[in-house]
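Close look at the chain arrangement
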Amino acid sequence: MNTPVLEAKHLGIAFGGLKAVDDFNITINEGELVGLIGPNGAGKTTVFNLLTGVYQPTEGAFFLNGDKMNGKKMHEVVRAGIARTFQNIRLFKSMTVLENVMVAFEMNYKYKLADAFFRAPRYWKDEEEIKEKAIDLLRIFNLESKADYIANNLPYGQQRKLEIARALATGMKLLLLDEPAAGMNPTETAELLSCINVIRERFGIAILLIEHDMSLVMKICERIVVIDYGVTIARGLPKEIAENPKVIAAYLGADDEMDVEDDTKEGA
Amino acid sequence: MKKLSMKSTIINFVVLFIVFGILIVLCETGILSNYIKGILMVCCISIIMACSQNITVGYLGQIALGGAGFMGIGAYTAAMITKAMASANILVGDGAPDTLRFLIATLAGGILAAIFGVLVGIPALRLRGDYLAIITLGFGEIIRVVIQNLKFLGGKGFSEGSAGQALVGINRIANLYVVFWVMVVSVALMFTFIRSKYGRAIIAIRNDDIAASASGLNVTFYKVLAFTVSSFFAGIAGGVFAHYIGSLSAASFGWLKSTEYVIMVVFGGMGSLTGSVIAAISLSALPEALREFSNYRMLAYSVALIIVMVYKPTGLLGTYEISVTRLLNRIMGKKEPSLHAIKAEVEASKASEEDKEVQ
Ligand SMILES: Nc1ncnc2c1ncn2[C@@H]1O[C@H](COP(=O)(O)OP(=O)(O)O)[C@@H](O)[C@H]1O
Ligand SMILES: [Mg+2]
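Described below are features of the structure shown in this document.

Conventions and cut-offs
Residues numbered from 1 in each chain as written. Chains lettered and ligands numbered in written order. Predicted model: local features only at pLDDT ≥ 70, side-chain atom pairs only at ≥ 80, totals over all residues. Heavy atoms only, no water. Helix = DSSP H or I, 4+ residues; strand = E, 2+ residues; numbered from the N terminus. Rg over C-alpha atoms; globule rule 2.2 N^0.38 Å. Phe/Tyr/Trp six-rings, centres within 6.5 Å; stacked < 30°, edge-to-face > 60°. Buried < 20%, exposed > 50% of the residue type's maximum accessible area, 1.4 Å probe, protein only. Lys NZ or Arg CZ within 6 Å of the ring centre and 35° of its normal. Core = buried A, V, L, I, M, F, W, Y, C linked by side-chain atoms within 4.5 Å. Contact = heavy atoms within 4.5 Å. Disulfide = S-S within 2.5 Å. Near = heavy atom within 4 Å. Polar contact = N/O pair within 3.5 Å; in protein donor to acceptor, adjacent residues only side chain to side chain. Areas by Shrake-Rupley, 256 points an atom, 1.4 Å probe, with all protein chains shown as cover. Nonpolar A, V, L, I, M, F, W, Y, C, P; charged D, E, K, R; others polar. Pairing = 2+ DSSP bridges. Axes fitted to C-alpha atoms, helices over the stretch in contact; angles between N-to-C directions.

Description of the overall build of chain B
What chain B contains, in helices and strands, is 13 helices and zero strands. Listed N to C, the secondary structure of chain B is α-α-α-α-α-α-α-α-α-α-α-α-α in terms of helices and strands. For 359 residues, the compact-globule estimate of 2.2 N^0.38 gives 21 Å, and chain B sits close to it at 21 Å. Seen through its principal axes, chain B has C-alpha atoms that stretch 60 × 50 × 45 Å.

Shown next as structure tokens:
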């Protein structure tokens, strides 16, 4: 059997006394789309932060294509092949849409400092090539006509898409999407869905998706992992998850609370 | 892209040659007094300094206040080198030899300042915001105090604890024509640097350093790089200064001097090199132009600053760059290449403490 793209073993982190994530295990194979769900505050984003080197796990380990990733800094994890988007969009707001993507092609530039200072042929060649690559990526998201817009001026849905495009530019093997449909209207969500499908076809990458929109998760995820209070309470096929009493209890119990927290987050 | 850029490079250099031509005519016919030439020289030095500080303060968005310290390193290094070369009788003589000696020494001054930039930048840039401002200010002062006490630079030695003599007898071999081109090349190099992947990375880090890391950028590397490039050009400015003024005292590289250049950056627009050029010229020339009002001139200077900051908090130009090519296109009624580029001055939301919790 092939080595899985991502394998997390007994991953855990504690903030002071609070175990935000405990004994988290996951295996994702090439081309797979796995959902990570759970009520608000369950620790989903923290899992992403662990998998991208924002936090170092206090327990366990995770492997990308069999290579241990513990102890790597954020940019090293990205270079190894794990890219992400953020729950609260983090774009380079003052830069253009095109520049946002070009920045993330970091590993594709071959020119050196002296080439940049003196605009050597290598500078022009790389800049031209990467600009084209970036525009190709933007095209997938129907953003190529907005290439010269300042990122902050894009409508919300397009900002989300731009963030995904930027993540793709890193040339990752595993893409982590943190609530990409949050705050989107149904049209935008449908568009996002088709984008995700295109990405999977084009790049054949593995995706781990955090999403609140249950219908979306059920529709596109091949497998689902559910966590609550940092603990994995269920895993399996979408159908199994939908019928799992523990999951239903966790969601029903947290439902009101969820809305309240969402509001405070919007206001913050 | 390349063609377009080539065209505007040529246009820019044509304009620069015209400016240079005017300068030559004015100097050779004696219209410009030595006093005015001196002001022009100070303008050139200020331009290099303001642009160099803009790289860290403006583009990288890190308030570093030690600029004058690195200028001092460049100045003293360059001065010692031309002195040493003069006493060994290398490249001494009016015209080309002196100019070459000046250029070599100034370049060396820039390189040593850059090396110190790396050494200071690595520990300092771990901090940010006011902490970084304080630590760079501290490093700047350390540099000044060390220079002040070094015996071979005119100091009395560290055991004395009081300022020594100025370093005198530096050949005043900074020629205005040469300095003009040193300034032009410096600004051009900083411009190409900013308009490359390096500059983009630096601006991205200012916008959001977590997103920058998540895009694969080694944030520490780029921060130190920006600081180093900035220090290099501060060193160059120092080298020019030393050979214009002829004597150096460490006191002239204190934190007040650093602040002066940061003010130029803020005044012209953080993230606009042309803004820094305009600010450097006006803030260097303004106090001179107001000389007849004697004591009131510093008041006028402050008022000018306050007016700009009140009515244009992002500085004169914000992040906008003045382009001669664009100006020509407009005069000739041509369409601009990127018509749908929407210009917006987005103040990158400063990473507050809360913001650090990655969501
Ligand atoms: N840096 C941190 N310090 C302390 N507690 C944290 C930190 N990051 C997350 N937490 C806590 O961990 C829990 C899980 O948060 P999070 O992963 O954001 O949940 P969600 O599933 O909604 O994405 C929350 O209780 C949160 O307060
Ligand atoms: Mg979350």
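A closer look at the packing of aromatic side chains
In this structure the tally under the stated criterion is 19 aromatic pairs over all chains. A centroid spacing of 5.2 Å and a plane angle of 65° characterise the contact between Tyr111(A) and Tyr123(A), whose relative ring orientation is edge-to-face. Of this pair, Tyr111(A) sits in the loop between α3 (97-104) and α4 (113-118) while Tyr123(A) sits in helix α5 (residues 121-140), placing them 12 residues apart in sequence. For Tyr111(A), a relative accessible area of 1% gives the class buried. On the basis of an interplanar angle of 45° and a centroid distance of 5.1 Å, the ring pair of Phe17(B) and Trp181(B) is categorised as tilted. Within this pair, whereas Phe17(B) is found in helix α1 (residues 2-28), its partner Trp181(B) is found in helix α6 (residues 176-194), the two being separated by 164 residues in sequence. By the ring-pair criterion, three or more aromatic residues cluster together here, those being Tyr109(A), Tyr111(A), Phe117(A), Phe118(A), Tyr123(A), Trp124(A), Phe193(B), Tyr198(B), Phe221(B) and Tyr222(B). Lying over the aromatic face of Tyr244(B), Arg172(B) brings its terminal NZ or CZ to 5.9 Å of the ring centre.

What to know about the nonpolar core
With 147 residues, the main nonpolar core has Leu175(A) and Leu248(B) as its most contacted residues. If you tally residues by element for this core, the top one is helix α9 (residues 219-245) of chain B, at 16 residues. The residues contacting Leu248(B), other than those within four sequence positions of it, are Ala75(B), Tyr76(B), Ala79(B), Ala166(B), Leu167(B), Ile170(B), Phe241(B), Ala242(B) and Phe253(B). Counting 30 residues, the second-largest nonpolar core is a separate cluster that includes Val5(A), Leu6(A), Leu51(A) and Ile227(A).

Re the state of the cysteines
All names here are of chain B. Enumeration according to the criterion identifies zero disulfides over all chains in this entry. Cys27 takes part in no disulfide bond, and the closest cysteine sulfur to it belongs to Cys44, at a distance of 11 Å. Free cysteine Cys44: the closest other cysteine sulfur is in Cys43, separated by 7.0 Å.

Overview of the site of ligand 1
Residues and elements named next belong to chain A. With respect to spatial proximity, the complete set of residues near ligand 1 consists of Phe15, Leu18, Ala20, Pro39, Asn40, Gly41, Ala42, Gly43, Lys44, Thr45, Thr46 and Tyr55. Asn40 places a polar side-chain atom, nitrogen or oxygen, 3.2 Å from an oxygen atom of ligand 1. Note that an oxygen atom of ligand 1 is positioned 2.6 Å from one of the side-chain N or O atoms of Thr46. In isolation ligand 1 offers 560 Å² of accessible surface; the protein chains occlude 73% of this area. No other element matches the three residues that helix α1 (residues 44-51) contributes to the shell around ligand 1. Residues of the shell around ligand 1, tallied by class, amount to six nonpolar, five polar and one charged.

Brief notes about the sheet that holds strand β6 (residues 82-84) of chain A
Residues and elements named next belong to chain A. As summarised here, the arrangement of the six strands in space is β6-β7-β8-β3-β9-β10, forming an open sheet in which the pairing is mixed. Either end of the sheet is taken by a strand with one partner, and the two such strands are β6 and β10 (231-236). Going across the sheet, the axis of each strand differs from the next one's by a mean of 20°, ignoring polarity. Direction of pairing for strand β7 (residues 174-178) relative to strand β8 (residues 206-210): parallel, over a ladder of five bridges. Bridged to Asp178 within β8 is Ile210.

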